[in-house]
Amino acid sequence: MNLKKYFIRALHRLQKGPGYTYKELLVWYCDNTNTHGPKRIIKEGPKKKLIWFFLTLLFASLVFWQWGILINTYLSYNVTSSLSIGFKTMKFPAVTVCNANPFKYSEVKHLLKELDRLIEVALERILQPAPGNSSENASPPLDLELWHQIPLVLIDEHDKDNPVIVDIFERNQTGSGPAAPGPGAAHAGGILGAMLLCSHQGSDNCTYRNFTSAAQAVTEWYILQSTSILSKVPLQERIRMGYQAEDMILACLYGAEPCNYKNFTQIYHPDHGNCYIFNWGMDEEALNSSNPGAEFGLKLILDISQQDYIPYLSSAAGARLMLHQQKSFPFLKDQGIYAMAGTETSIGVLVDELERMGYPYSDCTMNGSDVPVKNLYSQYNTSYSIQACLRSCFQNHMIEICGCGHYMFPLPEGVNYCNNEDNPGWAYCYSSLRSSIRHRQICIDSCKETCNDTQYKMTISMADWPSEASEDWIFHILSYERDMSTNVTLDRNGIIKLNIYFQEYNYRTISESAATTIVWLLSSLGGQFGFWMGGSVLCLIEFGEIIIDALWITVINMISWCKGLKQKRVQARYPDAPPTVSELVEAHTNLGFQHEDTDALPRDEVLPPEPGTPPPNYDSLRVQPLDVLGPDSDAETE
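Since the model is a prediction, treat every value here as computed from it, not as a measurement.

> Would you explain the overall build of the protein in this entry?
Helix and strand content of the protein: 19 helices and 20 strands. Counted over contacts in the protein with a minimum sequence separation of 6, partners at least 24 positions apart contribute 73%. Carbon and sulfur atoms make up 56% of the accessible area of the protein, which amounts to about 36,900 Å² in all.

Okay, here's the thing in structure tokens:
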């Protein structure tokens, strides 16, 4: 009971308004506030009072509307980009060089022998030579098992209404019209190449992957089949069948310091076989460039051995190279460039540093730890990149849906690469997954850009190298240095010279900054409030004060209502007026006399109560606590 009175007294003390009604509080606020408008409402006449009430309501609505726009703009977390140019000594980029051909044909010929014979006969069928001239007549019979797993077909669309699908080896054909296209039809506009991909051999769940050229179809079919064959070869064997560093890197010079193949780090890349990285920074500190210019960069002479290329796998000849940051994995298929054989390629480098703001301004990541995709390239101890995330995400979907991993991407533990023997329908599954927009969008939504990134802008120029006047002595010296032979074993078709250097030490930094800050928000909110209402922060405090007073009035009224409800319940329980003090004393005296008379009688002569008489109710004689103070008694006593 004391706690309740203390609480009520505290509420009355906190309530500082002029009275205990909402009307009194509102009038008091309008008369005492420093905000323009409310004072005029209570002081002007009836007509002006109406006008000022309308104007105050209108401008208050404009203030809240502008405040909503400003707060929404702030919560959108927009950024502005700024460009700054600096000058400093920079780390030389990591340089990855690969051969455009992943394996030496002399090393993998025994693995691709049946596939090569099959594709040669298929090309003859496409070109439709004269009967009897086909090389398959004089050769051993073909093993069509590879062909039956993933058939290559031609689609004759000369008749658009009735296209003819022809299996090159005439295993089946559908449609109407001639059984096969005429001589030279593959060069006509109405012949398309396609691969027939089925979920499993003999299934009706098949799809055609169409190409606009038979040459494209043959190349893609060969890559798909060779992928299945090479996926079963152990990694160390694939490395051995590729181009070795001592054979590929003939000469190396960094600035004024000589270097050789031992200064390169070897990694295996599924697209290009053995690749070699200069200045990767894994085992040693990254090299700094002392000065800009071609004389202070990296000079390389490479031998790509074009005569040992796989004829149907690599249609481009040259070296594939890429500049990237230290400790990052090189994705040459997406970001690399080609250097042509028989040329000297000069690459001038400019550096752009990107600095993005993190959450909530952009959805970027510092190191990939907050990305839900498992990075399969972490086995190389490389840093996170969005390319690694996208490929890891695709490989995870491939394993989950197809039951095996694709040869072009790293594998998690306990999973094998796909091949035609163990996974007959893998090509159909891979093609469906690669063309699925839904799975692609899932990976895009899951992966994040890095917050800090360094990009290398390249200016490329080329010239024939060596010149006709100097090629004789250059090839003699390079051949002698490679195998200590006086015979010339090199030619223009297999030699590439590279010059990689910084054009200048000026680097550009593209950084993001918040377009809206909390200071901007507060100043904008105050400006709008002051312009439309002539208010300030103190006016907002006054408005907060009236809200608090209104809440206290509500609480006090609720307590008074509860006390009144309790009194009504008491009155309902005792409908008569409560007894006076004298009546209570008299009743207590009479009750005592009755007890004395009863005690004077012998125990056996105690008179029992008369039948029908209720037992005495002693509880009703107890003094009930009365709340004689009204709901506002505490305030009045104060």
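Having seen the model, we can carry on.
> How should the pattern of salt bridges be read in this particular structure?
This structure, assessed with the given rule, holds 13 salt bridges. Between glutamate 107 and arginine 240 there is a salt bridge, with the nearest N and O atoms lying 3.0 Å from each other. With glutamate 107 in helix α5 (residues 105-108) and arginine 240 in helix α9 (residues 235-241), the pair connects residues that are 133 residues apart, well separated along the chain. With relative accessibility at 41%, the residue arginine 240 sits in the partly exposed group. Of the charged contacts, one joins lysine 333 and aspartate 271 as a salt bridge, the two residues approaching to 3.9 Å between their closest N and O atoms. Residue lysine 333 is located in helix α11 (residues 332-335), and its partner aspartate 271 is located in the loop between β10 (264-269) and β11 (273-278); the two are separated by 62 residues in the primary sequence. The exposure class assigned to lysine 333 is exposed, which follows from its relative accessible area of 57%.

> Would you mind showing me how to read the environment of proline 410 here?
Topologically, proline 410 is positioned in the loop between α12 (386-402) and α13 (426-434). With relative accessibility at 8%, the residue proline 410 sits in the buried group. Separated by 31 residues in sequence, proline 410 and glutamine 379 have C-alpha atoms that sit 8.6 Å apart. Apart from residues no more than four positions distant in its own chain, proline 410 is found in contact with Leu376, Tyr377, Gln379, Tyr380, Gln395 and Tyr417.

> Can you walk me through a nonpolar patch on the surface in this structure?
On the surface, Leu50, Phe53 and Leu57 cluster together into a nonpolar patch covering about 330 Å² of accessible area. Counting through the fold element by element, leucine 50 comes out in helix α4 (residues 46-75). The exposure class assigned to leucine 50 is exposed, which follows from its relative accessible area of 61%.

> Teacher, can you tell me more about the environment of isoleucine 386 here?
Within the secondary structure layout, isoleucine 386 lies in helix α12. In sequence terms isoleucine 386 and serine 446 are 60 residues apart; their C-alpha atoms lie 10.0 Å from each other. When sequence neighbours within four positions are dropped, the list of residues in contact with isoleucine 386 reads Cys447, Lys448 and Glu449.

> I tried to follow the packing of aromatic side chains on my own but got confused; where do I start?
Working definition: an aromatic ring pair is given by the centre-to-centre distance plus the angle between the planes. What the rule picks out here adds up to 23 aromatic pairs. Consider the rings of phenylalanine 394 and tyrosine 430, whose centres lie 6.0 Å apart with planes at 85 degrees: the pair is edge-to-face. Here the residue phenylalanine 394 occupies a position in helix α12, and tyrosine 430 occupies one in helix α13, the gap between them amounting to 36 residues. Grouped by ring-pair contacts, the aromatic residues Phe87, Phe92, Tyr254, Phe264, Phe278, Phe502 and Tyr505 constitute a single cluster. Just above the ring of tyrosine 507 sits the side chain of lysine 88; from NZ or CZ to the centre is 4.8 Å. The aromatic ring of tyrosine 338 is capped on one face by arginine 320, whose charged end is 4.4 Å from the ring centroid.

> Teacher, can you tell me more about unusual backbone geometry here?
Note on backbone geometry: most residues besides glycine have negative phi, and most peptide bonds are trans. Backbone torsion omega between tyrosine 359 and proline 360 reads 5 degrees, so that peptide bond is classified as cis. Relative to the assigned elements, proline 360 resides in the loop between β15 (343-355) and β16 (364-365). Omega for the bond connecting tryptophan 465 with proline 466 falls within 30 degrees of zero, at -10 degrees, which places this linkage in the cis form. With respect to the helices and strands, proline 466 occurs in the loop between β18 (452-464) and α15 (471-483). Notably, tyrosine 77 is not glycine yet its phi reads approximately 55 degrees, a positive angle. Relative to the elements of secondary structure, tyrosine 77 occurs in the loop between α4 and β1 (79-87). Since its relative accessible area comes to 24%, tyrosine 77 is described here as partly exposed. In this model, serine 305 sits at a positive phi of 50 degrees, which is unusual for a non-glycine residue.

> Is there a simple way to explain the side chain of asparagine 101 in this structure?
Position of asparagine 101 among the secondary structure elements: in the loop between β2 (94-99) and α5. At 2.2 Å, the side chain of asparagine 101 forms a polar contact with the backbone oxygen of phenylalanine 103. Within the local environment of asparagine 101, its side chain forms a polar contact with the side chain of serine 314, the two groups lying 2.8 Å apart. Beyond its immediate stretch of four places on either side in the chain, asparagine 101 contacts Tyr243, His272, Asp308, Tyr309, Ile310 and Ser314.

> What should I look at first to understand helix α2 (residues 22-32) in this one?
The periodicity of an α-helix, 3.6 residues per turn, causes residues three or four places apart in sequence to face the same way. Residues of α2 that are buried include every one of Leu25, Tyr29 and Cys30, and no others. Viewed end-on, α2 has its buried residues packed into an arc of 130 degrees, placing them on one side of the element. Packing partners of the buried residues in α2 comprise α3 (38-43) and α17 (537-573).

> I'm lost on the confidence of the model for the protein in this one. Help?
In the predicted model, the protein carries a mean pLDDT of 81, and the fraction of residues at 70 or more is 80%. Under a pLDDT of 50 for its full length, residues 129-133 has, in the predicted model, 2 contacts with residues more than four places off or in other chains. Of the regions scoring below 50 in pLDDT, residues 618-638 engages in 22 contacts with residues more than four places distant in sequence or in other chains.

> Hey, could you run me through the sheet that holds strand β14 (residues 337-339) in this one?
Strand-to-strand pairing in sheets goes through backbone hydrogen bonds, with the strands running parallel or antiparallel. Spatially, 5 strands are ordered β10-β11-β2-β13-β14 in an open sheet, and the strand pairing comes out antiparallel. Here the strands that pair on one side only, and so sit at the sheet edges, are β10 and β14. Between one strand and the next, the sheet's axes are offset by a mean angle of 30 degrees, whatever the strand orientation. One ladder, built from 6 bridges, connects β10 with β11; its direction is antiparallel.

> What am I meant to see in the pairing of strand β13 (residues 319-324) here?
Side chains on a regular strand alternate between the two faces of the sheet. Burial analysis of β13 places 6 of its 6 residues in the buried class, the great majority of the element. Side-chain alternation along β13 places Ala319, Leu321 and Leu323 on one buried face and Arg320, Met322 and His324 on a second face that is also buried. As judged from the 6 bridges shared by β2 and β13, these two strands associate in the antiparallel manner. The residue bridging asparagine 99 from the neighbouring strand is alanine 319, located in β13.

> Explanation requested: α17 in the structure shown.
With 37 residues, α17 ought to run about 54 Å at 1.5 Å a step, and its terminal C-alpha atoms sit 55 Å apart, in line with that. Cys539, Glu542, Ile546, Asp549, Ile553, Ile556 and Ile559 are the residues of α17 that are buried.

> Would you explain the packing of α12 against helix α14 (residues 437-446) in this entry?
The axes of two packed helices give the description: the angle between them and the distance between them. Relative orientation of the contacting elements α12 and α14 amounts to 135 degrees, with a least axis distance of 9 Å. As judged from the angle between their axes, α12 and α14 are oblique. Considering only the axes of α12 and α14, their crossing is right-handed. From α12, Leu390, Cys393, Phe394, His397 and Ile401 reach across to α14, where they touch His439, Ile442, Cys443 and Ile444. For the contact of α12 with α14, a count of residues per class yields 7 nonpolar, 2 polar and no charged.

Parameters at a glance
Residues numbered from 1 in each chain as written. Predicted model: local features only at pLDDT ≥ 70, side-chain atom pairs only at ≥ 80, totals over all residues. Heavy atoms only, no water. Helix = DSSP H or I, 4+ residues; strand = E, 2+ residues; numbered from the N terminus. Contact = heavy atoms within 4.5 Å. Areas by Shrake-Rupley, 256 points an atom, 1.4 Å probe, with all protein chains shown as cover. Salt bridge = Lys/Arg side-chain N within 4 Å of Asp/Glu carboxyl O. Buried < 20%, exposed > 50% of the residue type's maximum accessible area, 1.4 Å probe, protein only. Patch = residues over 30% accessible without salt bridge, like charges linked within 9 Å, V, L, I, M, F, W, Y side chains within 5 Å. Phe/Tyr/Trp six-rings, centres within 6.5 Å; stacked < 30°, edge-to-face > 60°. Lys NZ or Arg CZ within 6 Å of the ring centre and 35° of its normal. Polar contact = N/O pair within 3.5 Å; in protein donor to acceptor, adjacent residues only side chain to side chain. Arc of directions from axis to C-beta. pLDDT = per-residue confidence, 0-100. Pairing = 2+ DSSP bridges. Axes fitted to C-alpha atoms, helices over the stretch in contact; angles between N-to-C directions. Expected span 1.5 Å × (residues − 1). Parallel < 35°, antiparallel > 145°, perpendicular 65-115°, else oblique. Left-handed = near helix turned anticlockwise from the far one by under 90°. Nonpolar A, V, L, I, M, F, W, Y, C, P; charged D, E, K, R; others polar.

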